[in-house]
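# A closer look at the structure
The primary structure of each chain is shown beneath.
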Amino acid sequence: MCASPVKVSVAKGDGIGPEIMDVTLKVLQAAGAQLEYDFIELGEQVFKRGIMNGIDPKAWESIRNTRLLLKAPITTPQGGGYKSVNVTMRKAFGQFANVRPVRTFDGFVPSKHKGVDMVIVRENEESLYAGIEYRQTRDTCHGVKLISRTGTELIVRYAFEYARANGRKKVTCLIKDNIMKITDGLFHQVFDLVGAEYPDIARDSMIVDIGMARVADTPEKFDVIVTENLYGDIVSDIASQVAGSVGLAGSMNLGEACAMFEAVHGSAPDIAGKGIANPSGLINAAVLMLYHIGQGAVAAKIGNALLYTLENGQHTGDIAADKAKALSTQQFGDAVIANLGKGPSQLKPFEVGSGKAVKMPSSKATTQSKRAKGLVGVDVFIDAEHAKALELGAKVNQASTANLKLDLMSSRGLAMFDPKNPTKQPETEAVTDLWACRFVGQNIGNNDVRQVLANLENLGLDWVKTENLYTFDGVIGFSGRHGG
């Protein structure tokens, strides 16, 4: 007796999206996937109706009901306040993990590398990709890099659980904590603490720039990579490209409320309607979805037919060695369908038990500290265009109170005025209009901060932003200033 079909929300997307989605759905049907589709609108046409997040109201209801989304690439208009559909989806449905398997198809898809078989686990909701930005002065903008202990523990634990469930041997963390000691430092700290709970899985960490260079140079040495949102986006595309083509890679976005499956590549409007797009990325995304919902036999059937097709030299133009023999989008899909039931002879095949879904354990809260929190100062940011450092510093110093005193004034992280040496000229005058004025003290409260702000206003200075300075368990929770 056949199982009841699983309901899936389907968005055909923009650009090449409808073409590759139609082929993917045709493959799913031919393979016997037990699915029922609810087609929804996302993307360009929705944006044109004035919906700034590109998501039709009916789509929300559909996704809440199905908790599954198979999505073709979306075009987000540039500028104008339009929001990324992907980012909105990830945040709204708590999709904390983006998972991208990357492999080479040795001997069949051109690549400079062999034996690549890695999985990139990318934190999906935080870091600079949280999209929290401000413009505070005429000259400067500010992007918030948000890293939480809770979010970090969730993604790191998922990476180790994924490795354990799928027979992976090592997890590598990519961070930049030699520079960003607070944010990336927290990510690294949590990685080490959580990783210690998985003695069966090897672990190491790399500074992200050298890590990405090594992914480009020796990708076969990596197994599972876990990293922050922005880094993960970049390293995923690097890995997909060195493996042969971004057009072959699928990905999944996972959370408790919804799982979203999509190709890694974009909507490619320049080739839309030409019938030459490679549907492999979306087909691979559909395979990931089938594994996720427990239809592993069908997933393996499609995945192995795809591998057989590639081994058989049936390629679309983006990877074909002989462009004259390249298949169209539809022809490639038909070839995969014709090859259902066949498997690769040289490439590593898909197994029914491959791509196991991860069941996250309850958090053990092992990375939590007591978090004794103490206010020790405030950074006040001032808009002062064309100001001279020593003159401005002397004026700001007058805003000090008995409890909160000016400790340093800086511009773009470089110390510009020291009240303990008020006549010392900075190495260079500031080239921007945003100045950070650090006031520090002991046994202080928010009333002390408000008094400093009032004093600055009385001095005719325009403060535009504040950041309170805290210690946690006696450890400083803020960065220093260069040259200070």
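First things first, this report covers the structure right here in the doc. (Residues numbered from 1 in each chain as written. Predicted model: local features only at pLDDT ≥ 70, side-chain atom pairs only at ≥ 80, totals over all residues. Heavy atoms only, no water.)

### Brief notes about the nonpolar core
Soluble globular proteins: nonpolar side chains tend toward being buried together. Judged by nonpolar contacts, the single largest core of 74 residues is most densely connected at Leu 28, Leu 70, Tyr 158, Val 171, Phe 261 and Ile 302. The element best represented in this core is helix 9 (residues 280-292), accounting for nine residues. Not counting the four nearest positions on each side in its chain, Ile 302 is found in contact with Val 27, Leu 28, Ala 31, Ile 283, Val 287, Leu 290 and Leu 340. Grouped together as the second largest cluster of nonpolar side chains are 24 residues, Leu 390, Leu 392, Val 396 and Met 409 included. (Core = buried A, V, L, I, M, F, W, Y, C linked by side-chain atoms within 4.5 Å. Buried < 20%, exposed > 50% of the residue type's maximum accessible area, 1.4 Å probe, protein only. Helix = DSSP H or I, 4+ residues; strand = E, 2+ residues; numbered from the N terminus. Contact = heavy atoms within 4.5 Å.)

### Some points on the sheet that holds strand 5 (residues 117-123)
Strand order across the open sheet formed by ten strands is 2-1-3-12-11-4-5-10-8-9, with mixed pairing between neighbours. In this open sheet, the two edge strands, each paired with only one partner strand, are strand 2 (35-40) and strand 9 (202-207). Strand-to-strand, the axes of this sheet are offset by a mean angle of 25°, without reference to chain direction. Pairing analysis gives four bridges linking strand 3 (residues 68-71) to strand 12 (residues 259-263), with the strands arranged parallel. Its bridge partner lying in strand 12, Lys 71 is registered against Glu 262. Helix 5 (residues 149-165) contacts strand 4 (97-103), strand 5, strand 8 (170-175), strand 9, strand 10 (224-227) and strand 11 (250-254) of the sheet and is inclined by roughly 160° relative to strand 5. Running over the sheet, helix 8 (residues 229-242) touches strand 4, strand 5, strand 8 and strand 10 and is turned about 155° from strand 5. (Pairing = 2+ DSSP bridges. Axes fitted to C-alpha atoms, helices over the stretch in contact; angles between N-to-C directions.)

### Some thoughts on the state of the cysteines
Considering all chains together, one arrives at zero disulfides under this definition. The cysteine Cys 437 is free of any disulfide, with Cys 141 supplying the nearest cysteine sulfur at 19 Å. Owing to a relative accessible area of 0%, Cys 437 belongs among the buried residues under this scheme. (Disulfide = S-S within 2.5 Å.)

### A short note on the sheet that holds strand 16 (residues 434-440)
Pairing is antiparallel across the open sheet formed by six strands, whose spatial order is 15-14-16-13-17-18. Every other strand in the sheet has two partners, leaving strand 15 (414-417) and strand 18 (475-476) as the edge strands with one partner each. For strand 14 (residues 405-411) and strand 15, the ladder comprises three bridges, and the chain directions are antiparallel. Looking across to strand 15, one finds that Ser 411 is bridged to Leu 414. In the packing of helix 12 (residues 389-397) onto the sheet, contacts are made with strand 13 (373-383), strand 14, strand 15 and strand 16, and the angle to strand 14 comes to roughly 150°.

### Re the pattern of salt bridges
Per the counting criterion, the structure on display carries 23 salt bridges. With its nearest N and O atoms 2.9 Å apart, the salt bridge here joins Lys 71 to Glu 262. Of this pair, Lys 71 sits in strand 3 while Glu 262 sits in strand 12, and the two are 191 residues apart along the sequence. Note on accessibility: Lys 71 and Glu 262 belong to one class, buried. For Asp 407, the salt bridge goes to Lys 420, with nearest N and O atoms at 3.7 Å. Here Lys 420 lies in the loop between strand 15 and strand 16 and Asp 407 lies in strand 14, a separation of 13 residues in the sequence. Since its relative accessible area comes to 64%, Lys 420 is described here as exposed. Here the residues in one salt-bridge network are Arg 100, Arg 122, Asp 233 and Asp 237, joined through shared partners. (Salt bridge = Lys/Arg side-chain N within 4 Å of Asp/Glu carboxyl O.)

### Considering the pairing of strand 1 (residues 6-11)
Judged from the six bridges that link them, strand 1 and strand 2 form a sheet pairing that is parallel. Bridge pairing in strand 2 places Ala 11 opposite Ile 40. A crossover links strand 1 with its parallel partner strand 2, the connecting element being helix 1 (residues 17-31), and its sense is right-handed. Of the strand pairs in this sheet, strand 1 and strand 3 are connected by three bridges, and their pairing is parallel. By the bridge assignment for strand 3, Ala 11 is matched with Lys 71. (Right-handed = clockwise from strand over helix to strand, strands pointing away.)

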